[in-house]
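Below, each chain spelled out in residue letters.
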Amino acid sequence: MKGYYKKKLSADRLLACYEIAPPRVKAYLEAEISFVLQRTSPSQTALELGCGYGRVLKRVAGNGGFAFGIDTSLESLRFGQEFLGGSGHFCLLQMDAVRMGFADRKFDLTFCIQNGICAFAVDREKLFGEALRVTRSGGTVLFSTYSPRFWKDRLEWFEIQAARGLLGEIDREATREGVIVCRDGFRATTVDADGLQECHAGNGRTRGQRDQGCP
């Protein structure tokens, strides 16, 4: 459902989703952040697509360098200014990830984790293409999605969110095979390895540049 996060899961409501995550989910989310941090350095300029209130950007900005975060939700960005506080050098901007206003090859690292490739509900090849466009030759582009092995834990987490009123009631009959459907129109999907490769192939290979998917 395009715009769901912007309209219903922004700012403090989005923060609440992560705060109530069960232990295994929190460990999974921490592994995603560690994956990004391993590829950052104080000399880099990084960009996060769909930064929300700055949950991940806070760690990246605190790791040195300069970190930019973009999101379509102005409410989340305003909340993020306070959340990030003195976390380092950062800049939050309201911007669509498939129509970014940045110059070509501006960033050393461009990343989109926590299944943003599906949550944004945009053309995936265009999203990949924009990420590649704004990343310098020799830089790194990171995308992540959910592993099938994480399905039961992911579903449990979404059930908790629904029980707290952060999501609509989960449609048990429609929810299966990696797709979570709520009765209020929310739909959470994933992209498999082949899907990631198709997005990559649709944009061709930029010499010296690589994209990776977190499991």
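It should be emphasised that the depicted structure is a prediction, and the values quoted were computed from it without experimental measurement. (Residues numbered from 1 in each chain as written. Predicted model: local features only at pLDDT ≥ 70, side-chain atom pairs only at ≥ 80, totals over all residues. Heavy atoms only, no water.)

**Q** For the overall build of the chain, give the residues involved together with the corresponding values.
**A** A tally of regular secondary structure across the chain gives nine helices and eight strands. A compact globule built from 215 residues would reach a C-alpha radius of gyration of about 17 Å, and the chain, at 17 Å, matches this within 12%. Projecting the C-alpha coordinates of the chain onto the three principal axes gives extents of approximately 45 × 40 × 30 Å. In the chain, which comprises 215 residues, the share counted as buried stands at 53%. Partitioning the intrachain contacts of the chain with sequence separation of at least 6 by distance along the chain shows that 68% fall at a separation of at least 24. Carbon and sulfur atoms provide 48% of the accessible area of the chain, an area that totals close to 10500 Å². Taken together, the 30 basic and 26 acidic charged side chains of the chain have centroids lying 3 Å from each other. (Helix = DSSP H or I, 4+ residues; strand = E, 2+ residues; numbered from the N terminus. Rg over C-alpha atoms; globule rule 2.2 N^0.38 Å. Buried < 20%, exposed > 50% of the residue type's maximum accessible area, 1.4 Å probe, protein only. Contact = heavy atoms within 4.5 Å. Areas by Shrake-Rupley, 256 points an atom, 1.4 Å probe, with all protein chains shown as cover. Lys, Arg positive; Asp, Glu negative; His and termini not counted. Charge placed at Lys NZ, Arg CZ, Asp CG, Glu CD.)

**Q** Outline the side chain of Arg55, listing residues and values.
**A** Summarising the element assignment, Arg55 is placed in the loop between strand 1 (45-49) and helix 4 (57-61). Here Arg55 occupies a buried position and makes no salt bridge, while the nearest side chain of opposite charge, Glu32, is found at 4.7 Å. Residues within four places of Arg55 in sequence aside, it is in contact with Tyr18, Leu29, Ile33, Phe83 and Gln114. (Salt bridge = Lys/Arg side-chain N within 4 Å of Asp/Glu carboxyl O.)

**Q** Let's hear about the packing of helix 7 (residues 124-133) against helix 9 (residues 193-203): which residues, and what values?
**A** Packing of helix 7 against helix 9 brings their axes to within 9 Å, and their N-to-C directions diverge by 60°. Classified by the interaxial angle, the pair formed by helix 7 and helix 9 is oblique. As helix 7 runs across helix 9, the sense of the crossing is right-handed. Judged by residue contacts, Arg124, Glu125, Phe128, Gly129 and Leu132 of helix 7 engage Leu196, Glu198, Cys199, His200, Gly202 and Asn203 from helix 9. (Axes fitted to C-alpha atoms, helices over the stretch in contact; angles between N-to-C directions. Parallel < 35°, antiparallel > 145°, perpendicular 65-115°, else oblique. Left-handed = near helix turned anticlockwise from the far one by under 90°.)

**Q** Break down helix 2 (residues 11-19) for me, citing the residues and quoting the values.
**A** Along helix 2, the residues that are buried comprise Ala11, Leu14, Leu15, Cys17 and Tyr18. Relative to the axis of helix 2, the buried residues are bounded by an arc of 150° and lie together on one face. Among the structural elements, helix 1 (4-8), helix 3 (23-37), helix 5 (74-84) and helix 8 (151-163) are those in contact with the buried residues of helix 2. (Arc of directions from axis to C-beta.)

**Q** Describe the nonpolar core, listing the residues and the values that go with them.
**A** What tends to happen in soluble globular proteins is that the nonpolar side chains get buried as a cluster. If you look at the biggest cluster of nonpolar residues, it comprises 25 residues, and the most contacted ones within it are Trp157, Phe158, Leu167, Ile170 and Phe186. For this core, the secondary structure elements donating two or more residues are helix 2, helix 3 and helix 8. Setting aside chain neighbours within four positions, we find Trp157 in contact with Cys17, Tyr18, Ala21, Pro22, Val25, Leu29, Gln114 and Tyr146. Counting residues in each nonpolar core, the second largest holds 24 residues, with Ala97, Ile117, Val122 and Phe128 among its members. (Core = buried A, V, L, I, M, F, W, Y, C linked by side-chain atoms within 4.5 Å.)

**Q** Pulling in residues and values, what's your account of the confidence of the model for the chain?
**A** Confidence along the chain averages 92 in pLDDT terms, with 93% of residues attaining 70 or more. Taken together, the stretch residues 205-215 has pLDDT below 50 and engages in 32 contacts with residues farther than four places along the chain or on a different chain. (pLDDT = per-residue confidence, 0-100.)

**Q** Provide a residue-level description of helix 7, including the pertinent values.
**A** All of the buried residues along helix 7 are Leu127, Phe128, Gly129, Glu130, Ala131 and Leu132. The N-terminus of helix 7 is capped by Asp123, whose side-chain oxygen sits 3.0 Å from the backbone nitrogen of Glu125. (Polar contact = N/O pair within 3.5 Å; in protein donor to acceptor, adjacent residues only side chain to side chain.)

**Q** Please give an account of the packing of aromatic side chains that cites residues and values.
**A** Any pair of aromatic rings gets described here by the distance separating the centres and the angle formed by the planes. Going through the model one piece at a time under the given rule, you end up with 16 aromatic pairs. With a centroid separation of 3.7 Å and an interplanar angle of 15°, the aromatic rings of Tyr28 and Phe150 are classed as stacked. Here Tyr28, found in helix 3, pairs with Phe150, found in the loop between strand 5 (135-144) and helix 8; they are 122 residues apart in sequence, far enough to count as distant. A ring pair is formed by Tyr53 and Phe79, whose centres lie 6.1 Å apart and whose planes are at 85°; its orientation type is edge-to-face. Taken together, the positions of Tyr53 in the loop between strand 1 and helix 4 and Phe79 in helix 5 put the pair 26 residues apart, joining distant regions of the chain. (Phe/Tyr/Trp six-rings, centres within 6.5 Å; stacked < 30°, edge-to-face > 60°.)

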